[in-house]
Amino acid sequence: GGDKLYLGMDFGTSGARYAMIDKEGKIRAEGKREYPLYMNEETVDWIKSWRTTLFGLLEDIPVSLCPAVASVSIDGTSATTIIVDSKTGEHLCEPFLYNQSCPEALPIVKAIAPPNHTVCSGSSTLCKLVSWWSSSYTPNVSAVLLHQADWLLWLLHGKLGVSDYNNALKVGYDPECESYPPWLISQPYSSVLPVVQAPGTAIGSMTENIRTRFGFPKDCVICTGTTDSIAAFLAARANQPGKAVTSLGSTLAIKLLSTKRVEDARFGVYSHRLDDKWLVGGASNTGGAVLRQIFTDDELVKLSEQINPEEASPLDYYPLQDIGERFPVADPKMEPRLHPRPESDVEYLHGILESIARIEAKGYNLLKELGATPVDEVFTAGGGSKNEKWIKIRERVLGRPVRKALQTEAAYGAALLAMKGASL
Ligand code: ADP
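Chemist: Describe the pairing of strand S7 (residues 81-85), and please don't skip the residues or the numbers.
Modeler: Taking burial as the measure, the five residues of S7 include five buried ones, the bulk of the element. Judged from the five bridges that link them, S7 and strand S8 (residues 143-147) form a sheet pairing that is antiparallel. Bridge pairing in S8 places threonine 81 opposite histidine 147.

Structure, rendered in structure tokens:
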């Protein structure tokens, strides 16, 4: 058919995926690649690995679909940072990975940023920038900072120095004022900061070189991206205030769309901007990792079948893998609580699932107390979302409808951003 298609790519922690969707949101093609391991002396050559993966995914797309692609967007891991020459795009250092910490930069950042600001963490993008500036800056090259998604998108559109306000939050960008704050602008390294747009904004056309190599159309536009976890939220299409996504993987993470921005550093709660709304998030250390320590995935399925989800379990646990919790209870010394263990494994699992559901409910309550829009419907993603009994338990405990999200892949969320960029 002659309908347009939208391409999203996700560069996550373990590999990259693409999703091609039509305007109804139907997936027309999808695929994934692992990151190849290239070495650069002693260190991994991430630049080469990501570039190879990007072009590998473009090659994987069915050739017949490429002429219909109206737009492309990409998400990357948050706080993965690359500093490049602003004239040639040549990288000036090895990329800083999302979880890499720059403890030596933290006191410098804390001295300039407001207390408890998102940048006040050793792995923030700003700490990475300060670390690079202190050790490697030379005045004769003009540099620009890019996040992983910005850099990959640059390979496709060729305009250096463009980012989005989701990726730029951890470098200190203020998405509410739509500018970098004065305390950051006044630093000598502010010249390195990228220009920031809303996620899913058309930046420009795809370069002719790439367009002709893969057969994309002349009017194919490249759009700003977002972070991998926001892209995964977007995939669920929970796009009204009060809609939320609970991700039940190894840990439990909740994200709620709110009309009000809320932040509380004690609980690690902060908000990302999404157009005229805020995406409020909190992450607990409870979750599926504890289940996996006690039961195999097969046992989880068999035992769950025997649970009566209408009945409240009287067992009150706080399942944790290690000591310490942040959200919805800020207690770095909290001990895991998984006793008493009843004789019946069905009762035990019921108690654990019910207890995790109570922690989830407490999380949504806390966001409400902090001023966020109250939750009215929960979509669910991650390995725990396939457990129908748990969904019923959670509906009872939360007092809200809980549904499995239809789409949970970040690449699908990136494709929705591409669609947004093409329609503006
Ligand atoms: P992550 O990507 O965070 O490692 P996943 O989203 O892949 O995690 O989810 C894996 C988790 O899902 C495991 O920790 C496991 O305990 C949990 N899980 C798997 N099957 C079930 C099930 N039937 N019921 C509840 N939890 C499950």
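From this point, things continue past the structure.
Chemist: Tell me what's going on with the domain arrangement of the chain, and back it up with residues and numbers.
Modeler: As assigned here, the chain comprises domain 1 (5-229 + 411-423) and domain 2 (240-405). On a C-alpha basis, the centroid separation for the pair domain 1 and domain 2 is 30 Å. Facing 13 residues of domain 1, the contacting portion of domain 2 comprises ten residues. Across the interface of domain 1 and domain 2, roughly 1000 Å² is buried in total on both sides, 48% from carbon and sulfur atoms. Seen at the junction of domain 1 and domain 2, the total is four salt bridges. Note that aspartate 275 and lysine 420 form a salt bridge whose closest N and O atoms lie 2.9 Å from each other. Taken together, domain 1 and domain 2 are joined by six residue pairs in polar contact (both at pLDDT 80 or more).

Chemist: With reference to specific residues and values, describe the packing of helix H7 (residues 228-235) against helix H12 (residues 410-423).
Modeler: In the contact formed by H7 and H12, the axes pass within 7 Å of each other and the chain directions differ by 80°. Between H7 and H12, the crossing angle belongs to the class labelled roughly perpendicular. Contact residues: Asp228, Ala231, Ala232, Leu234 and Ala235 in H7; Ala410, Tyr412, Gly413, Ala414, Leu416 and Leu417 in H12. Residue classes in the contact of H7 with H12 are distributed as nine nonpolar, one polar and one charged.

Chemist: Which residues make up unusual backbone geometry, and what values go with them?
Modeler: In this model, phenylalanine 327 is joined to proline 328 through a cis peptide bond whose omega is 0°. Topologically, proline 328 is positioned in the loop between helix H9 (297-305) and helix H10 (345-369). A cis geometry characterises the amide bond from histidine 339 onward to proline 340, with omega recorded as 0°. Secondary-structure assignment places proline 340 in the loop between H9 and H10. Even without glycine at this site, glutamate 41 takes up a positive phi of about 55°. Assessed through its relative accessible area of 76%, glutamate 41 is described here as exposed. Positive phi is not limited to glycine here, since glutamate 178 has a value of about 55°. Inspection of the secondary structure assignment puts glutamate 178 in the loop between strand S9 (162-164) and helix H5 (182-185).

Chemist: Got a sec to walk through the site of the ligand? Specific residues and values, please.
Modeler: Around the ligand, 15 residues are found, and the nearest of them are Gly249, Ser250, Gly288, Gly383 and Asn387. Serine 250 places a polar side-chain atom, nitrogen or oxygen, 2.8 Å from an oxygen atom of the ligand. Take asparagine 387: an N or O atom from its side chain is 3.0 Å from a nitrogen atom of the ligand. Protein contact buries 73% of the 580 Å² of open area that the ligand shows by itself. In a pocket analysis with a 2 Å cut-off to the grid points, the ligand is assigned to the second largest pocket.

Chemist: Requested: an account of the pattern of salt bridges, with residues and values cited.
Modeler: Using the criterion set out here, one finds 21 salt bridges in the structure. Put simply, arginine 261 and aspartate 174 hold a salt bridge, and the shortest N to O gap is 3.8 Å. Remark: aspartate 174 occurs in the loop between S9 and H5 and arginine 261 occurs in the loop between strand S15 (252-258) and strand S16 (270-274); sequence separation between them is 87 residues. Arginine 261 sits in the partly exposed class, given a relative accessible area of 24%. Put simply, Asp174, Glu176, Arg261 and Glu263 are held in one network by salt bridges that share partners.

Chemist: Outline helix H1 (residues 46-60), supporting the account with residue identities and numerical values.
Modeler: Its 15 residues give H1 an end-to-end C-alpha distance of 20 Å, which sits within 8% of 21 Å, the value for a rise of 1.5 Å per residue. Among the residues making up H1, those that are buried are Ile47, Ser49, Trp50, Thr53, Leu54, Phe55, Gly56, Leu57 and Leu58.

Chemist: Tell me about helix H3 (residues 125-136), and please be specific about residues and values.
Modeler: Taking 1.5 Å as the rise per residue, H3 with twelve residues should run 16 Å; its terminal C-alpha atoms sit 16 Å apart, in good agreement. Counting buried residues in H3 gives nine out of twelve residues, a clear majority hidden from the surface. Among the residues of H3, Thr125, Leu126, Cys127, Lys128, Leu129, Val130, Ser131, Trp132 and Trp133 are the ones counted as buried. Looking at the buried positions of H3, the neighbouring elements they touch are S7, helix H2 (106-112), S8 and H5.

Chemist: Outline the sheet that holds S15, supporting the account with residue identities and numerical values.
Modeler: Either a parallel or an antiparallel arrangement is found when strands of a sheet pair, and the pairing is made through backbone hydrogen bonds. Judged by pairing direction, the sheet is mixed, and its six strands sit side by side in the order S16-S17-S15-S14-S18-S19 without closing on themselves. Looking at strand neighbours, the two that pair on one side only are S16 and strand S19 (402-404), the edges of this open sheet. Pairwise comparison of adjacent strand axes, ignoring direction, gives a mean angle of 25° for this sheet. Here strand S14 (residues 243-248) runs beside strand S18 (residues 377-381); their pairing, made up of five bridges, is parallel. Residue pairing for S18: serine 247 is matched across the bridge by alanine 381. Running at roughly 65° to S16, H7 makes contact with S14, S15, S16 and strand S17 (277-284) of the sheet. Relative to the sheet, helix H11 (residues 388-398) contacts S14, S18 and S19, its axis offset from that of S19 by approximately 150°.

Chemist: Please give an account of the packing of aromatic side chains that cites residues and values.
Modeler: How two aromatic rings sit relative to each other is given by the distance of their centres and the angle of their planes. Under the counting rule described, the total for this entry stands at 13 aromatic pairs. Relative to tyrosine 348, the ring of tyrosine 317 lies with its centre 5.6 Å away and its plane at 80°, an arrangement referred to as edge-to-face. Of the two residues, tyrosine 317 is situated in the loop between H9 and H10 and tyrosine 348 in helix H10; the sequence distance between them amounts to 31 residues. Residue tyrosine 317 is classed as buried on the basis of its relative accessible area of 2%. In textbook terms, an aromatic cluster arises when at least three aromatic residues are bridged by ring pairs, as seen for Phe11, Tyr35, Trp46, Trp50 and Trp151. In this arrangement the basic side chain of lysine 48 is found over the ring face of tyrosine 38, its NZ or CZ atom lying 4.3 Å from the centre.

Basis of the calculations
Residues numbered from 1 in each chain as written. Predicted model: local features only at pLDDT ≥ 70, side-chain atom pairs only at ≥ 80, totals over all residues. Heavy atoms only, no water. Buried < 20%, exposed > 50% of the residue type's maximum accessible area, 1.4 Å probe, protein only. Helix = DSSP H or I, 4+ residues; strand = E, 2+ residues; numbered from the N terminus. Pairing = 2+ DSSP bridges. Domains from an automatic or database assignment. Contact = heavy atoms within 4.5 Å. Buried area = accessible area lost by both parts, 1.4 Å probe. Salt bridge = Lys/Arg side-chain N within 4 Å of Asp/Glu carboxyl O. Polar contact = N/O pair within 3.5 Å; in protein donor to acceptor, adjacent residues only side chain to side chain. Axes fitted to C-alpha atoms, helices over the stretch in contact; angles between N-to-C directions. Parallel < 35°, antiparallel > 145°, perpendicular 65-115°, else oblique. Nonpolar A, V, L, I, M, F, W, Y, C, P; charged D, E, K, R; others polar. Near = heavy atom within 4 Å. Areas by Shrake-Rupley, 256 points an atom, 1.4 Å probe, with all protein chains shown as cover. 1 Å grid on protein atoms, 1.4 Å probe; cavity = no way out; pocket = protein on both sides within 12 Å on 5 of 7 lines; lining within 4 Å. Sits in = over half its atoms within 2 Å of the grid points. Expected span 1.5 Å × (residues − 1). Phe/Tyr/Trp six-rings, centres within 6.5 Å; stacked < 30°, edge-to-face > 60°. Lys NZ or Arg CZ within 6 Å of the ring centre and 35° of its normal.

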